[in-house]
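Residue-level structure breakdown
Letter by letter, the chains look like this.
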Amino acid sequence: MPDLSAVTRLPKPLKAMVYLVMLAVLTVAGIGALLASIVIVGQLTGSFDIATFIAR
């Protein structure tokens, strides 16, 4: 996998596409982490049970 210095040498449209893909990946990872933390807090506080969602 090339390092980020290789990205700086790309033409501007390709560089923008690379940065947009990186931003999309980070956004999906952030939303996944937020949902996981909501599930963990819900399990710990007893506000909902994940087993009921899986059993459906």
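Let me begin by describing the structure that accompanies this report. The structure presented is a predicted model; accordingly, all values stated were derived computationally and were not measured.

**Concerning a nonpolar patch on the surface**
- A cluster of nonpolar residues, Ile-31, Leu-34, Leu-35 and Ile-38, forms a patch on the protein surface that exposes about 380 Å² of accessible area.
- Its place among the elements puts Leu-35 in helix α2 (residues 12-45).

**Quick look at α2**
- Between the first and last C-alpha of α2 there are 49 Å, a value that for 34 residues agrees with the 50 Å anticipated at 1.5 Å per step.
- At the C-terminal side of α2, Gly-46 shows a positive phi close to 80°.

**Focus: the environment of Val-39**
- Positionally, Val-39 belongs in helix α2.
- Residues Val-39 and Ala-55 lie 16 residues apart in sequence; the distance between their C-alpha atoms is 16 Å.

**Considering the environment of Leu-14**
- In this fold, Leu-14 is placed in helix α2.
- Residue classification places Leu-14 among the partly exposed residues on the basis of a relative accessible area of 47%.
- A C-alpha to C-alpha distance of 42 Å links Leu-14 and Ile-54, two positions 40 residues apart in sequence.

What counts, and at which threshold
Numbers given to residues run from 1 along each chain, matching the order in which its sequence is written. Per-residue local features are limited, in this predicted model, to residues with pLDDT of at least 70; the limit for side-chain atom pairs, both in listing and counting, is 80 or more; totals at the level of whole chains, interfaces and linings are taken over all residues. Processing note: side-chain calculations cover all non-hydrogen atoms of the structure and skip hydrogens and water entirely. To count toward a patch, a residue needs a relative accessible area over 30% and no salt bridge; like charges are then connected within 9 Å, while nonpolar side chains (Val, Leu, Ile, Met, Phe, Trp, Tyr) are connected within 5 Å. Each accessible area is a Shrake-Rupley result for a 1.4 Å probe, and residues are judged covered by the shown protein chains and nothing else. Salt bridges, as used here, are contacts in which a Lys or Arg side-chain nitrogen is within 4 Å of a carboxyl oxygen on Asp or Glu. Strands are runs of DSSP state E lasting at least 2 residues, helices are runs of H or I lasting at least 4, and numbering of each runs from the N terminus. Expected helix span is given by 1.5 Å per residue-to-residue step, counting one fewer step than there are residues. Relative accessibility under 20% of the residue-type maximum defines a buried residue, over 50% an exposed one, and the middle range a partly exposed one, all with a 1.4 Å probe and only protein chains included.

Treat this as a map of the structure, not an account of what it does.
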